[in-house]
Amino acid sequence: MIPLAKKASPAAIAVLRQATALRPKRKKASDGLLPSAAHVKQNPNSDHNSGFAVDITHDSVNGVDCTIAFEKLKADKRVKYLIFNGKIWSPDRGGEGNRDYTGPNKHHKHLHISIKETCGYDTSPWFPWLGEITVVNKVKAAVRPLPKKKEIK
Ligand SMILES: [Zn+2]
C-alpha cells in the first residue's frame, strides 16, 4: 500500500484551483485529491494516497472538457499518466499510444492525472489552452474548499 499523505501535493491542488479560476462555472462533482477509506481499500496503490494524483470533473459545457484535456496534457512534462473514458496514457510507452484501461472504474466522468514525484511543487499553468487566469478569479478560486476525500466512484 502507498502510505497516506496528510495533504495533496501543491501541483495536484493547483490543477483544481486553476481549473476553477479559468472556468468558474465548471462542474466539480467528480473532483478528487486524497482518497476516502473505501477508496484506499479498493485501490491501495493509488497515487491519490500520496497526494500525487488529482481527478477533475468532465464538463463539456462549462469546462473543463476532459476529452480535450486528455490530449493536451500529453505535452505536460509533469504527467506520469492520464486516465479518461476507458483509456490510459503514459509517456514511458512511446508517446502517442493510448491503451485500454482495464480497472473497475472506466473514468467516464472525470480525468485522472497522476503527477511525477519530482514535480509535486510545480504549480505552473496546467491549462494553457484555456487562456489566462484573471486576478479576481484567482482570488475567488483560492478560497473555495478543496474536495472531500475521494470515494470509490
Ligand atoms: Zn483518480
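Whatever comes next refers back to the structure up there.
Rules used in this analysis
- Residue indices begin from 1 for each chain and proceed along its sequence in written order.
- In view of the model being predicted, local features appear only for residues whose pLDDT reaches at least 70, and side-chain atom pairs are presented and counted only at 80 or more, with totals across whole chains, interfaces and linings using the full set of residues.
- Only DSSP runs of H or I reaching four residues or more are called helices, and only runs of E reaching two or more are called strands; each is numbered from the N terminus.
- Take the residue count of a helix, subtract one, and multiply by 1.5 Å to get its expected span.
- Exposed residues have 12 or fewer other C-beta atoms within 10 Å of their own C-beta, buried residues have 20 or more, and residues in between are partly exposed; the C-beta atoms are placed from the backbone.
- With C-beta atoms placed from the backbone, a contact is any residue pair whose C-beta atoms sit within 7 Å.
- Only strands that DSSP links by at least two bridges are regarded as paired with each other.
- Among buried residues, those of type Ala, Val, Leu, Ile, Met, Phe, Trp, Tyr and Cys that are joined through C-beta atoms within 7 Å form a set called a nonpolar core.
- Orientation is described by axes fitted as lines to C-alpha atoms, over the contacting stretch for helices, and by angles from 0 to 180 degrees between their N-to-C directions.

Q: Hey, could you run me through helix H1 (residues 10-22) in this one?
A: In an α-helix, one turn spans 3.6 residues, which is why side chains three or four residues apart end up on the same side. For H1, built from 13 residues, the straight-helix expectation of 18 Å at 1.5 Å per residue is met to within 8% by its first-to-last C-alpha distance of 18 Å. Those residues of H1 that sit buried are Ala11, Ala12, Ala14, Val15, Leu16, Arg17, Gln18, Ala19, Thr20, Ala21 and Leu22. As for H1, its buried residues are in contact with strand S1 (53-57), strand S5 (110-115) and helix H4 (135-142).

Q: Before we go on, may I ask you to explain the pairing of strand S2 (residues 79-84) in this structure?
A: The two faces of a sheet get side chains in turn, since along a regular strand they alternate between them. Summarising the sheet, S2 and S5 pair through four bridges and their orientation is antiparallel. The partner of Tyr81 across the bridge, within S5, is Ser114. Turn length for the S2-strand S3 (residues 87-89) hairpin, with the two strands adjacent in sequence and antiparallel, is two residues, and the turn residue Asn85 shows positive phi of about 50°.

Q: Looking at this model, I keep getting lost on the nonpolar core. Mind explaining?
A: Side chains that are nonpolar tend, in soluble globular proteins, to be buried together. Counting residues in hydrophobic clusters, the biggest one holds 30 residues, and the most contacted among them are Ala12, Val15, Val54, Ile56, Leu82, Leu111 and Ile113. Contributions of two or more residues to this core are made by H1, S1, helix H3 (66-72), S2, S3 and S5. With eight residues, the single largest contributor to this core is H1. Every residue in contact with Ile113, bar those within four places of it in the chain, is listed here: Val15, Ala53, Val54, Leu73, Val79 and Leu82.

Q: Looking at this structure, I do not really get the sheet that holds S5. What am I missing?
A: The strands that make up a sheet are held in pairs by hydrogen bonds between backbone atoms, and each pair lies either parallel or antiparallel. The five strands are arranged S1-S5-S2-S3-S4 in an open sheet whose pairing can be described as antiparallel. A single partner strand is all that each edge strand has here, and the edge strands are S1 and strand S4 (99-100). Taken strand by strand, H1 contacts S1 and S5, and its axis lies near 15° from that of S1.

Q: Before we go on, may I ask you to explain the pairing of S1 in this structure?
A: For S1, a buried count of five out of five residues is recorded, marking the element as mostly surrounded by other parts of the structure. Burial along S1 is two-sided: Ala53, Asp55 and Thr57 facing one way and Val54 and Ile56 facing the other are all buried. Note that S1 and S5 share five bridges and pair antiparallel. When the sheet's bridge partners are listed, Thr57 is paired in S5 with His110.

Q: So what exactly am I meant to see when it comes to unusual backbone geometry here?
A: Trans is the prevailing form of peptide bonds, just as negative phi is the prevailing case for residues other than glycine. The linkage connecting Gly63 with the following residue, Val64, adopts the cis geometry, with an omega of 0°. Along the polypeptide, Val64 turns up in the loop between S1 and H3. Phi at Asn85 is positive, roughly 50°, even though this residue is not glycine. Locating Asn85 in the fold gives a position in the loop between S2 and S3. Accessibility expressed as a C-beta count within 10 Å gives 16 for Asn85, which makes it partly exposed. Even without being a glycine, His107 presents a positive backbone phi close to 60°. Counting through the fold element by element, His107 comes out in the loop between S4 and S5. Assessed through the 21 C-beta atoms surrounding it within 10 Å, His107 is described here as buried.

Q: Whenever I open this one, the environment of Ala21 confuses me. Can you help?
A: For Ala21, the position within the fold is in helix H1. As for Ala21 and Glu132, which are separated by 111 residues in sequence, their C-alpha atoms are 9.3 Å apart. If we ignore the near neighbours within four places in the chain, the residues touching Ala21 are Ile133, Asn137, Lys138 and Ala141.

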